[in-house]
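# Analysis of the macromolecular model
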Amino acid sequence: MDTPKVFESEYRFCLILWEHEPIRSSELVKLCKEQLGWKPTTTYTVIKRLSERGVLKNENTVVSALVTKDEVQATEIDELVEKKFEGSLPAFVAAFTKHRKLNDSEIDEIQRMIDNFRKGDKK
């Protein structure tokens, strides 16, 4: 199953959901008002929309996610690489590192990821 598209304001909502799930919709409304400045109707609309798209479920006023933060982030990265770099991961990495200085620990962490990937460990 493909991960459904989550737009920017929905992503900010999902960050709150992922941190507190499962959570009553009324509590989610309070958190969205505090953290996002949303009116209750906005929060309920987003809950309904994301429920219809299979991002979350709302059963008996308890809301929980059906997709993880990692899944949503991976989908966004895949879309970015496809759209902006013609599907080339090396081109994406080259553009990223050209405009951002990496410290030694970040380079070491990236190298560990590459080494693990080569070994077949996709973590």
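Look a little higher up for the structure.
The following refers to the structure shown. (Residues numbered from 1 in each chain as written. Predicted model: local features only at pLDDT ≥ 70, side-chain atom pairs only at ≥ 80, totals over all residues. Heavy atoms only, no water.)

## Some points on the overall build of the protein chain
Assigned secondary structure in the protein chain consists of six helices and three strands. Ordering the α and β elements of the protein chain from the N terminus gives α-β-α-α-β-β-α-α-α. Relative to the 2.2 N^0.38 estimate, which gives 14 Å for 123 residues, the radius of gyration of the protein chain is 18 Å and therefore markedly larger than a compact globule would have. Projected onto the principal axes, the alpha-carbon positions of the protein chain cover approximately 45 × 30 × 30 Å. A total of 123 residues make up the protein chain; the buried ones form 24% of that total. Sequence separation of 24 or more characterises 53% of the internal contacts of the protein chain that already satisfy a separation of 6 or more. Accessible surface, the protein chain: about 9000 Å² in total, of which carbon and sulfur atoms supply 53%. If you average the places of the 21 positive and of the 22 negative side-chain charges in the protein chain, the two averages end up 4 Å apart. (Helix = DSSP H or I, 4+ residues; strand = E, 2+ residues; numbered from the N terminus. Rg over C-alpha atoms; globule rule 2.2 N^0.38 Å. Buried < 20%, exposed > 50% of the residue type's maximum accessible area, 1.4 Å probe, protein only. Contact = heavy atoms within 4.5 Å. Areas by Shrake-Rupley, 256 points an atom, 1.4 Å probe, with all protein chains shown as cover. Lys, Arg positive; Asp, Glu negative; His and termini not counted. Charge placed at Lys NZ, Arg CZ, Asp CG, Glu CD.)

## Considering the sheet that holds strand S2 (residues 56-59)
If you trace the three strands from one edge of the open sheet to the other, you get S1-S3-S2, paired in antiparallel fashion. The open sheet has two edge strands, strand S1 (23-24) and S2, and neither has a second partner. Sheet topology note: the S2/strand S3 (residues 62-65) ladder contains four bridges and is antiparallel. Counted as the bridge partner of Lys57 is Ser64 from S3. Against the sheet, helix H1 (residues 8-20) contacts S1, S2 and S3, and its axis sits at roughly 100 degrees relative to S3. (Pairing = 2+ DSSP bridges. Axes fitted to C-alpha atoms, helices over the stretch in contact; angles between N-to-C directions.)

## Let's talk about helix H4 (residues 69-85)
For the α-helix, the turn length of 3.6 residues means that residues three or four positions removed from each other point alike. Look at H4: 23 Å from first C-alpha to last across 17 residues, which is about the 24 Å you get at 1.5 Å a residue. Following H4 by one or two positions, Glu86 adopts a phi angle in the positive range, close to 50 degrees. (Expected span 1.5 Å × (residues − 1).)

## Points about the packing of helix H2 (residues 25-36) against helix H3 (residues 40-52)
Packing of H2 against H3 brings their axes to within 9 Å, and their N-to-C directions diverge by 120 degrees. Overall, the two elements H2 and H3 adopt an arrangement that is oblique. By crossing handedness, the relation of H2 to H3 is classed as right-handed. Of H3, the residues touching H2 (which contributes Ser25, Ser26, Leu28, Val29 and Cys32) are Pro40, Thr43, Tyr44 and Ile47. (Parallel < 35°, antiparallel > 145°, perpendicular 65-115°, else oblique. Left-handed = near helix turned anticlockwise from the far one by under 90°.)

## Describing the nonpolar core
If you look at the biggest cluster of nonpolar residues, it comprises 21 residues, and the most contacted ones within it are Phe13, Cys14, Leu17, Leu28, Leu50 and Leu56. Where this core is concerned, the elements lending two or more residues are H1, H2, H3 and S3. A per-element tally of this core places H1 first, with six residues. If we skip the residues at most four places from it in the chain, Phe13 touches Leu28, Cys32, Leu36, Trp38, Thr43, Val46, Ile47, Leu50 and Leu56. (Core = buried A, V, L, I, M, F, W, Y, C linked by side-chain atoms within 4.5 Å.)

## With respect to H1
Its 13 residues give H1 an end-to-end C-alpha distance of 19 Å, which sits within 8% of 18 Å, the value for a rise of 1.5 Å per residue. Those residues of H1 that fall on the buried side of the exposure criterion are Glu10, Tyr11, Phe13, Cys14, Ile16, Leu17 and Trp18. Turning to H1, the residues buried within the fold contact S1, H2, H3, S2, S3 and H4.

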